[in-house]
Amino acid sequence: MTMAAQEGRGRPVFGRRDPDARGYFGEFGGRFVPETLVAPMEALTEAYFAVRTDEAFIAEFEHLLRQFVGRPTPLYEARRLTEACGGATILLKREDLAHTGAHKINNALGQALLARRMGKSRIVAETGAGQHGVATATVCALLGLQCVVYMGVDDMARQALNVFRMRMLGAEVRGVDAGARTLKDAINEAMRDWVATVQDTYYLLGSALGPHPYPLMVREFQSIIGEEARVQCLASYGRLPDAAVACVGGGSNAMGLFDAFVADAGVRLVGIEAGGEGIAGGRHAARFAGGTPGVLQGTRTWVLQDEAGNISLTHSVSAGLDYAAVGPEHADLLQQGRAEYHFATDSEALAAFQRLGRLEGILPALESAHAIAGVEQVARDVGPGGLVLVNLSGRGDKDVQSIQHLLGDQA
Amino acid sequence: MSTRLEQAFARMKAEQRTGLVAFVSGGDPTLERSGEVIRAVDEGGADVIEIGVPFSDPLADGPEIQRSSERALRAGATLRGVLDLVGDLRTNVAAPLVLFSYANPVVRFGVEAFAARAAEVGVDGVLLLDLPLEEAGPTRDVLVAHGLAPIFLLSPTTTGPRVRKANDLGRGFLYAISRLGVTGVRDQVADDARGLVERLRQDSTLPIALGFGLSRPEHIRDVGKYADAAVVGSALVAQIARHGSSPALADEVRGFVRWLREGASA
C-alpha cells in the first residue's frame, strides 16, 4: 500500500505534542512512583521513544490495526438522532465496531507489541468495565503472552460477561476486594504485582493515566481514532467538525479523539464525565466538577479527595468512568482553556442509552452513553448545518444485564 | 549541633550494635491508643520510630500495613491528627520520629504548612513514599529549611548516580528496600541484601537502614553484619492488629520490640 493511501485513511501520530522531559503537560503529569519503579519507568520510556520512530514497529502496529482490529472504523451520520436533537448533524465514530467492542484494543495492541519488543513474557493489567481487560487478554492470546487482569469485585459482579470473556481468552482474572472494589483499587493491586515482578512483567495500563510515559503512550496509540475521524469528516463533508465530544473516565478515548483537533482552534473539544447521582450528594466521578488537584497513582492531576488528602469513593452507573482521578493531559487542556468538561448523570446516560438504541439501532456502552447524553446539548449549541463528532467508544452488550436490572419493566 | 537522628546513629555506632527502626501506622488502632503504642515502642528500645500517615490508597504496601492504614482511617486518623499526636508525645519519647507518608496527604495539607507544623511538633524526618528524587526537589528544600531530614528510599533497581543524588539530598539515613515488591512479613532476609547494601555503600556516606520483610531478632542480627540499622514494620503492625482491643496492647508491643532488640544488641 502506498503512503498516500495510508494517509488517506488516517494513521496514528507519534511525537506531535510531547510532555516535558519529566512527563509534565503544563502543571500536570510527572512520575510519582515508589523508588523500585523509577528505573523500570525510565526503561519503559526509553523503549517507547525508540519504537515510536521505528518504521518496522509502526508498520506491524498498523498492519494489525487493519487486519486484526478491523480498522478503520466507520464514521456514521446518525440521522434520526440528529433529527431528534434538532441541531447540528451528529457523526458517530464507531469504535464500538472495533474487534472486542471498544477503543481499548488500539492501546492494548500497541503496548503488547512494545512489551514483546522489551522481552517481557508476562502482562498485568487493571480493568474497570472489563473492556481493557478483554482487549489485553485478546492481544496476549495473539502474541502468546501470559496475562493477569486485576478487577474490583464489585466490577466483576456488574461486568460478569467480560470476566467470562477474559477467562475464555486464557487470562487469569484476580478479584480485588479493597476500597470501593472498583477501578482505582484494581490499579493499586496491579501496581503491587508489578513492583514485585518488574523484571519479567510489563504493566499494560489501559487509560491515559498514571506515571510518565503512560499518558503520552496511551494517547498516541489511541490517536488513530481522531486521525481517522478527521480524514473521514474531510472526505465526506469537506470540512472539519465544529465540535468533538467524548466521555472521560481516565480519558483515553477522549484523548484519542481530541488529539487530532487540538491544533484546530475552531473545533470545540468537549469531555463528559460521570455525574453519578449528581454532584451535591457526592456520589459521582466528576473530577473537574467536584475535585481538586492532587497526586494519585503516579500522576499529578484533578482528584476527588477529602480535606485530609484521602481519595473519595466514587460512583457511576458505568464501571469504566467510575474513577477518582482523570488523565493529566485533560487537566492541562482544561487549564489552557482548550477543552471544556461537563458531566452526565446516571439517569441521563441511561436515557441516552435507550434513545440511541431506538433511534439508531445501536446499543452503546454505558460509558459511551455519557458522551451521547452530552452530545445532544452540544448539537443544539452548534445548531443546524453544523457538524458534531462524538466518539462511540464501545458497544453495550456487556451492560445489557445490569441495565435490565436497573430499568426493569421500564425498558 | 547534631540532630536527634544523627545522634541516634552515632550512638548505635559507638555502642557497636545494629539500630532498630520500628514502623507503626499513626492512629492505629485509634489516635489515643496509638500514643500508648508509640511510647511502648520507644520503651521497648527502638532507636528510630517511623510513624505511617494513613492513606486511602497505599499502593506500595502489602496486606498488614494496608489493613493498619484502614483501621486508622476508620478511627478518624488524618495527617493533621498524626501531627497533633506527635506534638502530644514528643516530650515523652526519646527516639527520633520519622513521618512516613504517601505524597497526596502532604500535597493537600500544603508542603510549606506541613513542614512548619511538623517542625513545630518535633518531627525529625520525613519520608514520602511516592515522591522519588526527580519529583522531590522543591519539597525536599522546604523540609530542610524547616530542619526536617528528608529520607530517601533506595531499591535493588536504583542506579549508582541516583544513589549519589539521594545521599546528597538526604539527611539522617538512607532507607534501603531489601527486595522488589511491597511491604510484608517474610521468613528470611532477601538473599542479595548484603550485596545490595555493599553496592549502595560505594556511592553513599549516610547510614543505611535496611527494611522490607524483616520480622525476627535473627533477621536483625543478620542485617547488622552489613547495614547500620534494620527496619521492622509489618510484623510489629501485625502485633497491633492482634492485640488492638486488649488492655495489654502497650505491654505486648513493648515486649515484642524488646524481643526484636535482642537481635540488635550483640
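Residues numbered from 1 in each chain as written. Chains lettered and ligands numbered in written order. Predicted model: local features only at pLDDT ≥ 70, side-chain atom pairs only at ≥ 80, totals over all residues. Heavy atoms only, no water.

Describing the overall build of chain A
Move 1: Looking only at helices and strands, chain A features 17 helices and 14 strands.
Move 2: Here chain A has a C-alpha radius of gyration of 19 Å; the compact-globule value for 411 residues is 22 Å, and the two agree.
Move 3: Here the C-alpha coordinates of chain A stretch approximately 55 × 55 × 40 Å along the principal axes.
Move 4: Going through the 411 residues of chain A one by one, you find that 65% of them count as buried.
Move 5: Pairs at least 24 residues apart make up 75% of the contacts formed inside chain A by residues separated by at least 6 positions.
Move 6: For chain A, the distance from the average site of its 38 positive side-chain charges to the average site of its 47 negative ones is 3 Å. (Helix = DSSP H or I, 4+ residues; strand = E, 2+ residues; numbered from the N terminus. Rg over C-alpha atoms; globule rule 2.2 N^0.38 Å. Buried < 20%, exposed > 50% of the residue type's maximum accessible area, 1.4 Å probe, protein only. Contact = heavy atoms within 4.5 Å. Lys, Arg positive; Asp, Glu negative; His and termini not counted. Charge placed at Lys NZ, Arg CZ, Asp CG, Glu CD.)

A closer look at the overall build of chain B
Move 1: A count of helices and strands for chain B gives 12 helices and nine strands.
Move 2: Compactness check: chain B gives a C-alpha radius of gyration of 17 Å against a globular reference of 18 Å for 266 residues, within 12% of the reference.
Move 3: Projected onto its principal axes, the C-alpha positions of chain B cover 45 × 40 × 35 Å.
Move 4: The proportion of buried residues among the 266 residues of chain B is 64%.
Move 5: For chain B, contacts bridging at least 24 residues in sequence account for 75% of all contacts bridging at least 6.
Move 6: For chain B, the accessible surface area stands at approximately 9,800 Å², while carbon and sulfur atoms represent 48% of it. (Areas by Shrake-Rupley, 256 points an atom, 1.4 Å probe, with all protein chains shown as cover.)

A few points about the pairing of strand β4 (residues 125-128) of chain B
Residue and element names in this part refer to chain B.
Move 1: Burial of β4 is two-sided: the residues Gly-125 and Leu-127 facing one way and the residues Val-126 and Leu-128 facing the other way are all buried.
Move 2: Taken together, the two bridges between β4 and strand β5 (residues 149-150) define a ladder with parallel strand orientation. The partner of Val-126 across the bridge, within β5, is Pro-150.
Move 3: Crossover connection from β4 via helix α7 (residues 133-145) to parallel β5: handedness right-handed. (Pairing = 2+ DSSP bridges. Right-handed = clockwise from strand over helix to strand, strands pointing away.)

A short note on helix α17 (residues 400-407) of chain A
Residues and elements named next belong to chain A.
Move 1: Of the positions making up α17, those classed as buried are Ser-402, Ile-403 and Leu-407. Within α17, the buried residues cover an arc of 125° as seen down the axis, which keeps them to one side. Opposite the buried face of α17, by more than 90 degrees, sit the exposed residues Gln-401, Gln-404 and His-405.
Move 2: Gly-408 lies just past α17 and shows a positive phi near 55°. (Arc of directions from axis to C-beta.)

Digging into the confidence of the model for chain A
Move 1: In the predicted model, chain A carries a mean pLDDT of 95, and 97% of its residues have values of at least 70.
Move 2: Overall, residues 1-7 of chain A carries pLDDT values under 50, and its contacts beyond four positions in sequence, including any with other chains, amount to six contacts. (pLDDT = per-residue confidence, 0-100.)

Some points on the interface of chain A and chain B
Move 1: The partner chain B presents 32 residues to the 34 residues of chain A that form the contact.
Move 2: At the junction of chain A and chain B, the tally comes to four salt bridges.
Move 3: Taking the shortest distance from any N to any O, the salt bridge between Lys-184 of chain A and Asp-57 of chain B comes out at 2.6 Å.
Move 4: Joining chain A to chain B, the criterion identifies 21 residue pairs in polar contact (both at pLDDT 80 or more).
Move 5: Contributing elements (two or more residues each) for the side of chain A that touches chain B: α2 (35-51), α9 (183-197) and β11 (292-296) of chain A.
Move 6: Broken down by element, the residue count for the side of chain A that touches chain B peaks at seven residues, all from α9 of chain A.
Move 7: Split by residue class, the side of chain A that touches chain B holds 15 nonpolar, 10 polar and nine charged. (Salt bridge = Lys/Arg side-chain N within 4 Å of Asp/Glu carboxyl O. Polar contact = N/O pair within 3.5 Å; in protein donor to acceptor, adjacent residues only side chain to side chain. Nonpolar A, V, L, I, M, F, W, Y, C, P; charged D, E, K, R; others polar.)

Quick notes on the packing of aromatic side chains
Move 1: In total, this model carries 15 aromatic pairs over all chains according to the counting rule given.
Move 2: Relative to Tyr-175 of chain B, the ring of Phe-100 of chain B lies with its centre 6.3 Å away and its plane at 55°, an arrangement referred to as tilted. Residue Phe-100 of chain B is located in strand β3 (residues 97-101), and its partner Tyr-175 of chain B is located in strand β7 (residues 174-177); the two are separated by 75 residues in the primary sequence.
Move 3: With relative accessibility at 9%, the residue Phe-100 of chain B sits in the buried group.
Move 4: Judged by relative accessible area, which is 4%, Tyr-175 of chain B ranks as buried.
Move 5: Following the ring pairs from residue to residue traces out a cluster consisting of Phe-14, Tyr-48, Phe-49, Phe-61 and Phe-221 of chain A.
Move 6: Just above the ring of Phe-49 of chain A sits the side chain of Arg-52 of chain A; from NZ or CZ to the centre is 4.2 Å. (Phe/Tyr/Trp six-rings, centres within 6.5 Å; stacked < 30°, edge-to-face > 60°. Lys NZ or Arg CZ within 6 Å of the ring centre and 35° of its normal.)

A short note on the sheet that holds strand β5 (residues 122-127) of chain A
All names here are of chain A.
Move 1: Pairing is parallel across the open sheet formed by four strands, whose spatial order is β7-β6-β5-β8. Each edge of the sheet is formed by a strand with only one pairing partner; in this case those strands are β7 (172-176) and β8 (201-203). Each strand axis lies, on average, 25° off the axis of its neighbour in the sheet, ignoring direction.
Move 2: Along the sheet face, helix α6 (residues 131-143) touches β5 and β6 (146-152) and points at about 165° away from the line of β5. (Axes fitted to C-alpha atoms, helices over the stretch in contact; angles between N-to-C directions.)

Topic: the sheet that holds strand β4 (residues 89-94) of chain A
Residue and element names in this part refer to chain A.
Move 1: The six strands lie next to each other as β3-β4-β14-β9-β10-β13, forming an open sheet whose pairing is mixed. Each edge of the open sheet is held by one strand with a lone partner, namely β3 (75-77) and β13 (339-345). Between one strand axis and the next, the sheet turns by 25° as a mean value, whatever way the strands run.
Move 2: The strands that helix α15 (residues 346-360) touches are β3, β4, β10 (268-276), β13 and β14 (387-392); relative to β13, the one it contacts most, it runs at about 90°.
Move 3: Against the sheet, helix α16 (residues 366-382) touches β4, β9 (243-247), β10, β13 and β14, its axis set at about 175° to β14.

Thoughts on the pattern of salt bridges
Residues and elements named next belong to chain A.
Move 1: Counted under the stated rule, the structure contains 58 salt bridges over all chains.
Move 2: Here Glu-227 ties to Arg-16 by a salt bridge, and the two come within 2.8 Å at their closest N and O atoms. Taken together, the residues span a long stretch of sequence, with Glu-227 in helix α11 (residues 224-237) and Arg-16 in the loop between α1 (3-9) and β1 (24-25) at a distance of 211 residues.
Move 3: With its nearest N and O atoms 2.3 Å apart, the salt bridge here joins Asp-259 to Arg-17. Taken as a pair, Asp-259 in the loop between α12 (252-258) and β10 and Arg-17 in the loop between α1 and β1 lie far apart in primary sequence, 242 residues in all.
Move 4: When its relative accessible area of 2% is taken as the criterion, Asp-259 is described as buried.

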